Amino acid sequence: AQKVTQAQTEISVVEKEDVTLDCVYETRDTTYYLFWYKQPPSGELVFLIRRNSFDEQNEISGRYSWNFQKSTSSFNFTITASQVVDSAVYFCALSEAGIGSQGNLIFGKGTKLSVKP
Amino acid sequence: NAGVTQTPKFQVLKTGQSMTLQCAQDMNHEYMSWYRQDPGMGLRLIHYSVGAGITDQGEVPNGYNVSRSTTEDFPLRLLSAAPSQTSVYFCASSYVAQGIVKRGGNTIYFGEGSWLTVV
(Lines give C-alpha, C1' and ligand atoms only; values in the text may rest on other atoms or scores of the structure.)
Protein backbone atom coordinates (compact mmCIF):
# COMPACT_ATOMS: atom_id res chain seq x y z
CA ALA A 1 0.00 0.00 0.00
CA GLN A 2 1.10 3.54 -0.54
CA LYS A 3 2.21 5.67 2.37
CA VAL A 4 3.94 8.97 2.95
CA THR A 5 5.86 9.62 6.16
CA GLN A 6 6.93 13.03 7.36
CA ALA A 7 8.70 12.21 10.58
CA GLN A 8 9.25 15.82 11.62
CA THR A 9 6.06 17.10 13.19
CA GLU A 10 7.36 20.58 13.96
CA ILE A 11 10.56 22.43 13.18
CA SER A 12 11.58 25.81 14.49
CA VAL A 13 14.45 27.79 13.00
CA VAL A 14 15.76 31.31 13.12
CA GLU A 15 15.55 33.45 10.01
CA LYS A 16 18.34 32.88 7.47
CA GLU A 17 18.96 29.34 8.65
CA ASP A 18 18.70 26.53 6.13
CA VAL A 19 16.12 23.88 6.88
CA THR A 20 15.36 20.48 5.37
CA LEU A 21 11.97 18.82 5.55
CA ASP A 22 12.07 15.07 5.23
CA CYS A 23 9.68 12.91 3.24
CA VAL A 24 9.83 9.14 2.92
CA TYR A 25 7.33 7.26 0.80
CA GLU A 26 6.22 3.69 0.20
CA THR A 27 4.73 2.38 -2.99
CA ARG A 28 4.63 -0.85 -4.96
CA ASP A 29 4.34 0.98 -8.28
CA THR A 30 7.39 1.73 -10.36
CA THR A 31 5.62 4.73 -11.83
CA TYR A 32 4.43 7.40 -9.44
CA TYR A 33 4.45 11.11 -8.76
CA LEU A 34 5.64 13.04 -5.74
CA PHE A 35 4.45 16.45 -4.63
CA TRP A 36 5.08 19.14 -2.06
CA TYR A 37 2.42 21.58 -0.90
CA LYS A 38 2.60 24.56 1.41
CA GLN A 39 -0.25 25.53 3.73
CA PRO A 40 0.29 29.00 5.20
CA PRO A 41 -1.63 30.15 8.29
CA SER A 42 -4.40 31.43 6.02
CA GLY A 43 -5.25 27.80 5.27
CA GLU A 44 -5.09 27.45 1.50
CA LEU A 45 -2.98 24.79 -0.16
CA VAL A 46 -0.20 26.05 -2.40
CA PHE A 47 1.37 23.73 -4.93
CA LEU A 48 5.19 23.75 -4.88
CA ILE A 49 6.44 20.89 -7.04
CA ARG A 50 5.56 17.65 -8.81
CA ARG A 51 8.14 15.05 -9.84
CA ASN A 52 7.74 11.73 -11.59
CA SER A 53 9.52 8.58 -10.54
CA PHE A 54 11.71 8.50 -13.64
CA ASP A 55 13.25 11.88 -13.04
CA GLU A 56 15.73 11.81 -10.16
CA GLN A 57 17.32 15.10 -11.02
CA ASN A 58 17.39 17.50 -8.12
CA GLU A 59 15.46 20.68 -8.65
CA ILE A 60 16.10 24.20 -7.48
CA SER A 61 13.64 27.05 -7.54
CA GLY A 62 14.97 30.18 -5.89
CA ARG A 63 15.53 29.38 -2.22
CA TYR A 64 13.75 26.04 -2.57
CA SER A 65 15.39 22.80 -3.59
CA TRP A 66 14.29 19.21 -3.71
CA ASN A 67 16.35 16.05 -3.42
CA PHE A 68 14.74 12.92 -4.85
CA GLN A 69 16.46 9.61 -4.09
CA LYS A 70 14.72 6.44 -5.22
CA SER A 71 17.30 4.29 -3.43
CA THR A 72 16.07 5.57 -0.08
CA SER A 73 12.49 6.37 -1.19
CA SER A 74 12.93 9.94 -0.09
CA PHE A 75 11.92 13.30 -1.52
CA ASN A 76 13.35 15.92 0.81
CA PHE A 77 12.72 19.63 0.61
CA THR A 78 15.28 22.25 1.60
CA ILE A 79 14.67 25.94 2.17
CA THR A 80 17.84 27.99 2.02
CA ALA A 81 18.11 31.20 4.03
CA SER A 82 14.66 30.78 5.53
CA GLN A 83 12.36 33.73 5.96
CA VAL A 84 9.44 34.42 8.27
CA VAL A 85 7.09 34.09 5.29
CA ASP A 86 8.17 30.47 4.98
CA SER A 87 6.32 29.68 8.21
CA ALA A 88 3.66 27.18 7.23
CA VAL A 89 2.71 23.54 7.28
CA TYR A 90 4.35 21.62 4.46
CA PHE A 91 2.87 18.46 3.04
CA CYS A 92 4.54 15.80 0.96
CA ALA A 93 2.21 13.71 -1.20
CA LEU A 94 2.32 10.71 -3.52
CA SER A 95 0.14 9.48 -6.35
CA GLU A 96 0.64 6.07 -7.84
CA ALA A 97 0.48 5.78 -11.60
CA GLY A 98 0.75 2.08 -12.30
CA ILE A 99 -1.87 -0.01 -14.07
CA GLY A 100 -4.84 -0.44 -11.78
CA SER A 101 -3.93 2.52 -9.63
CA GLN A 102 -6.60 5.11 -8.99
CA GLY A 103 -4.03 7.88 -9.12
CA ASN A 104 -5.32 9.66 -6.03
CA LEU A 105 -3.14 11.99 -3.99
CA ILE A 106 -2.02 10.52 -0.67
CA PHE A 107 -0.63 13.04 1.80
CA GLY A 108 1.82 12.81 4.64
CA LYS A 109 0.82 14.24 8.00
CA GLY A 110 2.69 17.45 7.40
CA THR A 111 5.57 19.33 9.01
CA LYS A 112 4.90 22.62 10.71
CA LEU A 113 7.77 25.02 10.08
CA SER A 114 8.14 28.09 12.25
CA VAL A 115 10.70 30.67 11.22
CA LYS A 116 11.53 33.17 13.97
CA PRO A 117 12.86 36.62 13.15
CA ASN B 1 -12.38 33.60 -11.89
CA ALA B 2 -11.73 30.00 -12.78
CA GLY B 3 -11.20 27.71 -9.85
CA VAL B 4 -12.81 25.53 -7.25
CA THR B 5 -15.55 27.11 -5.17
CA GLN B 6 -16.50 25.63 -1.82
CA THR B 7 -19.40 26.70 0.32
CA PRO B 8 -19.96 27.33 3.14
CA LYS B 9 -16.60 28.45 4.50
CA PHE B 10 -17.66 28.03 8.12
CA GLN B 11 -20.47 25.96 9.61
CA VAL B 12 -21.50 24.84 13.07
CA LEU B 13 -23.77 21.83 13.29
CA LYS B 14 -25.45 20.00 16.09
CA THR B 15 -24.93 16.27 16.44
CA GLY B 16 -27.40 14.43 14.27
CA GLN B 17 -28.04 17.28 11.86
CA SER B 18 -27.45 16.83 8.17
CA MET B 19 -25.79 19.22 5.77
CA THR B 20 -24.19 19.43 2.38
CA LEU B 21 -20.84 20.97 1.53
CA GLN B 22 -20.96 22.33 -1.98
CA CYS B 23 -18.10 22.15 -4.44
CA ALA B 24 -18.15 23.55 -7.94
CA GLN B 25 -15.51 23.98 -10.62
CA ASP B 26 -15.73 25.70 -13.99
CA MET B 27 -12.66 24.17 -15.65
CA ASN B 28 -14.40 21.14 -17.17
CA HIS B 29 -12.37 18.84 -14.95
CA GLU B 30 -13.31 15.18 -14.94
CA TYR B 31 -11.68 14.36 -11.60
CA MET B 32 -12.96 15.77 -8.32
CA SER B 33 -12.28 14.76 -4.75
CA TRP B 34 -12.97 15.59 -1.13
CA TYR B 35 -10.38 15.56 1.65
CA ARG B 36 -10.62 16.20 5.33
CA GLN B 37 -7.79 17.70 7.34
CA ASP B 38 -7.41 17.01 11.03
CA PRO B 39 -4.59 18.15 13.32
CA GLY B 40 -1.61 15.83 13.03
CA MET B 41 -3.32 13.70 10.38
CA GLY B 42 -2.64 15.52 7.16
CA LEU B 43 -5.26 15.40 4.41
CA ARG B 44 -7.18 12.18 4.03
CA LEU B 45 -9.26 11.28 1.00
CA ILE B 46 -12.98 10.87 1.67
CA HIS B 47 -14.51 10.29 -1.76
CA TYR B 48 -13.54 10.95 -5.33
CA SER B 49 -15.09 10.98 -8.77
CA VAL B 50 -13.53 10.40 -12.19
CA GLY B 51 -16.48 11.78 -14.09
CA ALA B 52 -20.19 12.53 -14.01
CA GLY B 53 -22.10 9.58 -12.63
CA ILE B 54 -19.00 7.88 -11.20
CA THR B 55 -17.95 8.06 -7.57
CA ASP B 56 -15.76 5.93 -5.34
CA GLN B 57 -14.61 5.76 -1.75
CA GLY B 58 -11.33 7.03 -0.44
CA GLU B 59 -9.58 6.31 2.83
CA VAL B 60 -12.23 7.68 5.23
CA PRO B 61 -15.68 7.46 3.56
CA ASN B 62 -17.83 6.50 6.56
CA GLY B 63 -20.49 9.05 7.44
CA TYR B 64 -20.28 10.82 4.08
CA ASN B 65 -22.22 10.59 0.85
CA VAL B 66 -21.38 12.03 -2.55
CA SER B 67 -22.94 12.21 -5.96
CA ARG B 68 -21.78 13.58 -9.31
CA SER B 69 -24.74 14.40 -11.46
CA THR B 70 -22.86 17.05 -13.45
CA THR B 71 -19.21 17.58 -14.36
CA GLU B 72 -19.17 20.88 -12.47
CA ASP B 73 -20.54 19.89 -9.07
CA PHE B 74 -19.45 17.40 -6.44
CA PRO B 75 -21.39 17.90 -3.19
CA LEU B 76 -20.42 16.15 0.03
CA ARG B 77 -23.29 15.19 2.33
CA LEU B 78 -23.15 14.51 6.04
CA LEU B 79 -26.32 12.58 6.76
CA SER B 80 -26.11 12.61 10.56
CA ALA B 81 -23.26 14.76 11.79
CA ALA B 82 -21.04 13.51 14.60
CA PRO B 83 -18.40 15.38 16.63
CA SER B 84 -15.76 13.17 14.97
CA GLN B 85 -16.59 14.95 11.72
CA THR B 86 -15.37 18.25 13.06
CA SER B 87 -12.66 19.05 10.55
CA VAL B 88 -11.54 21.23 7.69
CA TYR B 89 -12.78 19.97 4.35
CA PHE B 90 -11.10 20.56 1.02
CA CYS B 91 -12.52 19.93 -2.39
CA ALA B 92 -10.11 19.48 -5.31
CA SER B 93 -10.38 19.05 -9.04
CA SER B 94 -8.11 18.26 -11.97
CA TYR B 95 -8.49 17.07 -15.55
CA VAL B 96 -7.72 13.52 -14.49
CA ALA B 97 -6.39 11.83 -11.36
CA GLN B 98 -2.87 12.94 -10.41
CA GLY B 99 -1.39 9.55 -11.20
CA ILE B 100 -2.41 9.77 -14.85
CA VAL B 101 -0.15 11.42 -17.40
CA LYS B 102 -1.89 14.11 -19.35
CA ARG B 103 -0.31 16.07 -22.14
CA GLY B 104 -0.47 19.75 -21.43
CA GLY B 105 -0.40 19.33 -17.68
CA ASN B 106 -2.76 18.24 -14.97
CA THR B 107 -2.67 20.80 -12.21
CA ILE B 108 -4.87 19.98 -9.25
CA TYR B 109 -6.85 22.89 -7.87
CA PHE B 110 -7.97 23.02 -4.26
CA GLY B 111 -10.85 24.97 -2.84
CA GLU B 112 -10.22 27.34 0.03
CA GLY B 113 -11.53 24.90 2.61
CA SER B 114 -14.66 24.60 4.74
CA TRP B 115 -14.34 24.70 8.51
CA LEU B 116 -16.99 22.45 10.05
CA THR B 117 -17.66 22.12 13.77
CA VAL B 118 -20.10 19.55 15.13
CA VAL B 119 -21.20 20.14 18.70
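Please read these numbers as outputs of a predicted model, since none were measured by experiment.

Definitions and limits used
- Residues numbered from 1 in each chain as written.
- Chains lettered and ligands numbered in written order.
- Predicted model: local features only at pLDDT ≥ 70, side-chain atom pairs only at ≥ 80, totals over all residues.
- Heavy atoms only, no water.
- Phe/Tyr/Trp six-rings, centres within 6.5 Å; stacked < 30°, edge-to-face > 60°.
- Buried < 20%, exposed > 50% of the residue type's maximum accessible area, 1.4 Å probe, protein only.
- Lys NZ or Arg CZ within 6 Å of the ring centre and 35° of its normal.
- Core = buried A, V, L, I, M, F, W, Y, C linked by side-chain atoms within 4.5 Å.
- Helix = DSSP H or I, 4+ residues; strand = E, 2+ residues; numbered from the N terminus.
- Contact = heavy atoms within 4.5 Å.
- Disulfide = S-S within 2.5 Å.
- Pairing = 2+ DSSP bridges.
- Axes fitted to C-alpha atoms, helices over the stretch in contact; angles between N-to-C directions.
- Salt bridge = Lys/Arg side-chain N within 4 Å of Asp/Glu carboxyl O.

A.B. asks: Please set out the packing of aromatic side chains residue by residue, giving values where relevant.
C.D. replies: The final tally for this structure, using the stated rule, is 19 aromatic pairs over all chains. Ring plane angle 80 degrees and centroid distance 5.8 Å describe the contact between A:F68 and A:F75, whose orientation is recorded as edge-to-face. A residue is classified by how much of its surface remains accessible, and A:F68, at 3% relative accessible area, is buried. In this structure an aromatic cluster arises from ring pairing among A:F35, A:Y37, A:F47, A:F91, A:F107, B:Y35 and B:F110. The residue whose ring lies beneath B:R68 is B:F74, and the NZ or CZ to ring-centre distance is 6.0 Å.

A.B. asks: An account of the nonpolar core is needed here, citing residue identities and associated values.
C.D. replies: In terms of nonpolar packing, the biggest core is built from 23 residues, with A:W36, A:F77, A:Y90 and A:L113 touching the most fellow members. Of all the secondary-structure elements, those providing two or more residues to this core are β2 (10–14), β3 (19–21), β5 (32–39), β8 (64–69), β9 (74–79), β10 (88–96) and β12 (111–116) of chain A. Per-element accounting of this core gives the leading share, four residues, to β10(A). For A:F77, the contacting residues outside a window of four places in its chain are A:V19, A:T20, A:L21, A:W36, A:L48, A:Y64, A:S65, A:W66 and A:Y90. Listed in part, the 20 residues of the second largest apolar core include B:I46, B:F74, B:L76 and B:V118.

A.B. asks: I'd like a description of the state of the cysteines, backed by residues and values.
C.D. replies: This structure, assessed with the given rule, holds two disulfides over all chains. Paired by a disulfide, A:C23 and A:C92 hold their sulfur atoms 1.9 Å apart. With the S-S bond torsion at -65 degrees, the cross-link from A:C23 to A:C92 turns out left-handed. Of the two residues, A:C23 sits in the loop between β3 and β4 (24–26) while A:C92 sits in strand β10, which places them 69 residues apart along the sequence. When its relative accessible area of 0% is taken as the criterion, A:C23 is described as buried. Residue class for A:C92 comes out buried when judged on its relative accessible area of 0%. Here B:C23 pairs with B:C91 through a disulfide, and the sulfurs are 1.8 Å apart.

A.B. asks: How would you summarise the pairing of strand β4 (residues 31–38) of chain B if you had to cite specific residues and measurements?
C.D. replies: Residues and elements named next belong to chain B. Here β4 lies mainly inside the structure; eight of its eight residues are buried. Residues Y31, S33, Y35 and Q37 line one face of β4 and the alternating positions M32, W34, R36 and D38 line the opposite face, and both faces are buried. Relative to strand β9 (residues 87–94), β4 runs antiparallel, the two being bridged by seven bridges. Paired with R36 across the bridge in β9 is Y89. Note that β4 and strand β5 (residues 42–51) share seven bridges and pair antiparallel. For D38, the partnering residue across the bridge sits in β5 and is G42. Hairpin connection of β4 to β5: three residues between the antiparallel strands, including G40 at a positive phi of 75 degrees.

A.B. asks: Describe the sheet that holds strand β3 (residues 19–25) of chain B, with residues and values.
C.D. replies: All names here are of chain B. Read across the open sheet, the four strands follow the order β1-β3-β8-β7; overall the sheet is antiparallel. Looking at strand neighbours, the two that pair on one side only are β1 (4–7) and β7 (64–66), the edges of this open sheet. Looking at each pair of strands side by side, their axes are set apart by 20 degrees on average, direction ignored. Two elements, β3 and strand β8 (residues 76–78), share three bridges in a ladder whose sense is antiparallel. What sits directly across from T20, in β8, is R77.

A.B. asks: Outline the pattern of salt bridges, supporting the account with residue identities and numerical values.
C.D. replies: Following the criterion strictly, the structure yields six salt bridges over all chains and no others. In this structure, the salt-bridge partner of A:R63 is A:D86, at a minimum N-O distance of 2.8 Å. Pair noted here: A:R63 is in the loop between β7 (59–61) and β8 and A:D86 is in the loop between β9 and β10, with a separation of 23 residues, a long-range link. Taking the relative accessible area as the measure of exposure, A:R63 reaches 26% and is therefore partly exposed. Its relative accessible area of 1% is what places A:D86 among the buried residues. Residue B:D38 pairs with B:R36 through a salt bridge whose shortest N-O separation is 2.9 Å. Its relative accessible area of 10% is what places B:D38 among the buried residues. What you see here is one network of salt bridges that share partners, running through A:R51, A:D55 and A:E59.

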